[in-house]
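So the chains spell out like this:
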Amino acid sequence: MYKVLARKYRPQTFEEVCGQREVVETLKKTIQLKRIAHAYLFAGPRGVGKTTIARIFAKALNCVEGPIPIPCNKCDSCIEITNSSSLDVLEIDGASQRGIDEIRSLRENVNLLPAKSRFKIYIIDEVHMLTDPAFNALLKTLEEPPTYIKFFFATTAPEKIPPTIISRCQRFNLKPLKKEEVRKKLTEICEKENIEIEDKAIDEIYEFCEGSLRDAISLLEQIFIFSEGKIKLEDVKNLLGFPEEKSVEDILKNIVDKNYIESIKNFHKLVSDGKDPVLILENMIRKIKNVIALKVGLLENIDLNPDFFNCFKDLEIEKIFEGVNYIIEFKDRIRRERDPLLMCEILILKLIQLLGKEKILEKTPDKKEENFETIFDIKLEEENRKKEKIQEQGEKKKEEREFNWEKILQEIKKTKPTLEAALREGKFEKIEGENIYISFEKKYNFHKSMVETPSNKINIEKIIFEYTGKNYKIIPILNENSRSIIENPEVKKIVEFFNGEIIQVEE
């Protein structure tokens, strides 16, 4: 029967574990010195070997020849653990068996001796998913377990585990694997499976999987099936849905050139071609990361378009870092938003404000006749004066309408009448810096919460930007001085007298 590569090449001994040398060596020494604790916690990101190491550790403890640092993988105990059929090594999924009933059942079974092994071992994966009552039920068992009981916990979110549990475990933090470690493992698998692959394709797989070996092996298998012959970098990008590098560069170049329309056009074109907005933003981050690496001299051998790099050449490194932070922030947010494209448009606006260069009109000296130069200079000066006048008029117009809240409400009404109606129940209070404060009385708390909805706030702030040319943040506040009719003493007396409750309030 066919076995997927991630399972086929799952390590069976500590020596086969990819990376995590410190963890592996400590566990081996623990066995040699016979100083085996009753509970261990393996914490780290997905696919770095938490459950695999727990299984190998269980085999090392229950091996017929053990406890031994290198399990034989031949005895019944080792084979049963490998096949997940051991009666004495029980794997529990914390995500699906997270309730107090499951943990109570575990506590009852703890008192039963191992069926035939040296230790009875519980491996609880994603232990942070257990409920609070379940953790409380587990706590007593962790405090005073029988000598034959061992607990191995694995988690991707140790911060969600109660400190009382963590303090009773020996904790090991597993790190994301390095590029060299993943490259070596993938190359070994490719040699054994007769898979031809480019080095750049392996690097791309590593970058996408963010140090997760299991994800990298699974992706390698998928790309092998997808590609024809040798796996190339283009195969990886096509399967993952990565946008073309030139398209991403064009978006960033237009941002630096303050060309909002072209930036949005390029972004929308990629999305209409089926590209995921998150992947577009990830590629923007990677491009800018390469620019930063070249600017500060961290890396020299980066394949980067010189024209693209020159766009960022004169930008301050602090601004570029700030721009990357913006993209990372929005990338994390758009998965939760109903309108990710709108979020991306706002991001582009913010990046243009931050990274956009002021266009300077440079006069190129001409070696032709002096009279022609003089005429050209006069015309150029006239054009500049005209532009300055138009710009001054435009700035005056913006200042005149900058604080016209009524006009802004009318603009909001054109796109979303319900939102405009909710804002009208509030009162325009003041502007402080970049913040616009709108107060709502207690009886209009629903309207306030409607304005506070992230998608609605984004819509309002976008319209204000289009109207004023400035970035403002809407801050809805509750007027604490206002008193709801529900708080009226007479109303309270009536409710108490009839032992009733207020179902609905109408103005």
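Just so you know, these numbers come straight off a predicted model, no measurement behind them.

About the cut-offs
Residues numbered from 1 in each chain as written. Predicted model: local features only at pLDDT ≥ 70, side-chain atom pairs only at ≥ 80, totals over all residues. Heavy atoms only, no water. Helix = DSSP H or I, 4+ residues; strand = E, 2+ residues; numbered from the N terminus. Buried < 20%, exposed > 50% of the residue type's maximum accessible area, 1.4 Å probe, protein only. Contact = heavy atoms within 4.5 Å. Areas by Shrake-Rupley, 256 points an atom, 1.4 Å probe, with all protein chains shown as cover. Pairing = 2+ DSSP bridges. Axes fitted to C-alpha atoms, helices over the stretch in contact; angles between N-to-C directions. Parallel < 35°, antiparallel > 145°, perpendicular 65-115°, else oblique. Nonpolar A, V, L, I, M, F, W, Y, C, P; charged D, E, K, R; others polar. Polar contact = N/O pair within 3.5 Å; in protein donor to acceptor, adjacent residues only side chain to side chain. Left-handed = near helix turned anticlockwise from the far one by under 90°. Salt bridge = Lys/Arg side-chain N within 4 Å of Asp/Glu carboxyl O. pLDDT = per-residue confidence, 0-100.

Caption draft 1: Representation of the overall build of the chain in the model. The helix and strand tally for the chain stands at 23 helices and 8 strands. When each of the 507 residues of the chain is scored for burial, the buried share is 42%. Partitioning the contacts of the chain with sequence separation of at least 6, the portion at a separation of at least 24 is 70%. Roughly 30100 Å² of accessible area belongs to the chain as shown, and the carbon and sulfur atoms make up 49% of that amount.

Caption draft 2: Spotlight on the sheet that holds strand S6 (residues 427-432). Reading across the sheet, the 3 strands line up as S6-S7-S8 and stay open at both edges, with mixed pairing between neighbours. Lying at the two open borders of the sheet, with one neighbouring strand each, are S6 and strand S8 (473-478). Each strand axis lies, on average, 25 degrees off the axis of its neighbour in the sheet, ignoring direction. Here 5 bridges tie S6 to strand S7 (residues 435-440), and the two strands are oriented antiparallel to one another. Paired with Lys427 across the strands is Ser439, a residue of S7. Where helix H21 (residues 445-452) meets the sheet, it contacts S7 and S8, and its direction lies at approximately 160 degrees from that of S8.

Caption draft 3: Layout of unusual backbone geometry. Positioned with a positive phi, Asn73 is a non-glycine residue whose angle comes to about 60 degrees. On the basis of relative accessibility, which here comes to 26%, the residue Asn73 falls in the partly exposed class. Phi is positive for Glu126, close to 50 degrees, though the residue is something other than glycine. Counting through the fold element by element, Glu126 comes out in the loop between strand S3 (120-125) and helix H6 (132-143).

Caption draft 4: Molecular detail of the packing of helix H16 (residues 317-334) against helix H17 (residues 340-355). Relative orientation of the contacting elements H16 and H17 amounts to 170 degrees, with a least axis distance of 10 Å. Classed by the angle they form, the pair H16 and H17 counts as roughly antiparallel. Every residue of H17 that contacts H16 at Lys319, Ile320, Glu322, Gly323, Tyr326, Ile327, Phe330, Arg333 and Ile334 is listed here: Pro340, Met343, Cys344, Ile346, Leu347, Lys350, Leu351, Leu354 and Leu355. The class makeup of the residues in the contact of H16 with H17 is 13 nonpolar, 1 polar and 4 charged.

Caption draft 5: Fine view of the side chain of Ser86. When you line up the elements, Ser86 lands in the loop between helix H4 (76-82) and strand S2 (89-93). Take Ser86: its relative accessible area is 8%, and that puts it in the buried class. A distance of 3.2 Å separates the side chain of Ser86 from the backbone nitrogen of Asp88, its partner in a polar contact. The contact partners of Ser86, leaving out residues within four places of it in the chain, are Glu80 and Ile81.

Caption draft 6: Representation of the packing of helix H19 (residues 405-415) against helix H22 (residues 454-468). It is the contact of H19 with H22, at a shortest axis distance of 10 Å, that shows an interaxial angle of 125 degrees. With respect to each other, H19 and H22 are oriented oblique. As H19 runs across H22, the sense of the crossing is right-handed. On H22, the residues touching Trp405, Lys407, Ile408, Glu411, Ile412 and Thr415 of H19 are Ile460, Ile463, Ile464, Tyr467 and Thr468. Here the residues of the contact of H19 with H22 are counted per class, giving 7 nonpolar, 2 polar and 2 charged.

Caption draft 7: Focus on the pattern of salt bridges. The full count for this structure, using the stated rule, is 26 salt bridges. For the salt bridge of Glu329 with Arg333, the shortest nitrogen-to-oxygen distance reads 3.6 Å. Pair noted here: Glu329 and Arg333 are both in helix H16, with a separation of 4 residues, about one helical turn. On the accessibility criterion, Arg333 (23% relative accessible area) is partly exposed. Across the salt bridge formed by Glu420 and Arg424, the nearest N and O atoms sit 2.2 Å from each other. One end of the pair is Glu420 and the other is Arg424, both in helix H20 (residues 417-424) and 4 residues apart, which spans about a single turn. Taking relative accessible area as the criterion, Glu420 reaches 6% and is therefore assigned buried. With relative accessibility at 38%, the residue Arg424 sits in the partly exposed group. Residues participating in the shared-partner salt-bridge network are Glu15, Arg21, Glu25 and Lys28.

Caption draft 8: Expanded view of the confidence of the model for the chain. Confidence in the prediction for the chain averages 83 pLDDT; 84% of positions are at 70 or higher. Counting contacts from residues 360-380, a segment whose pLDDT is below 50, to residues more than four positions away or on other chains yields 9 contacts. Counting contacts from residues 396-400, a segment whose pLDDT is below 50, to residues more than four positions away or on other chains yields 2 contacts.

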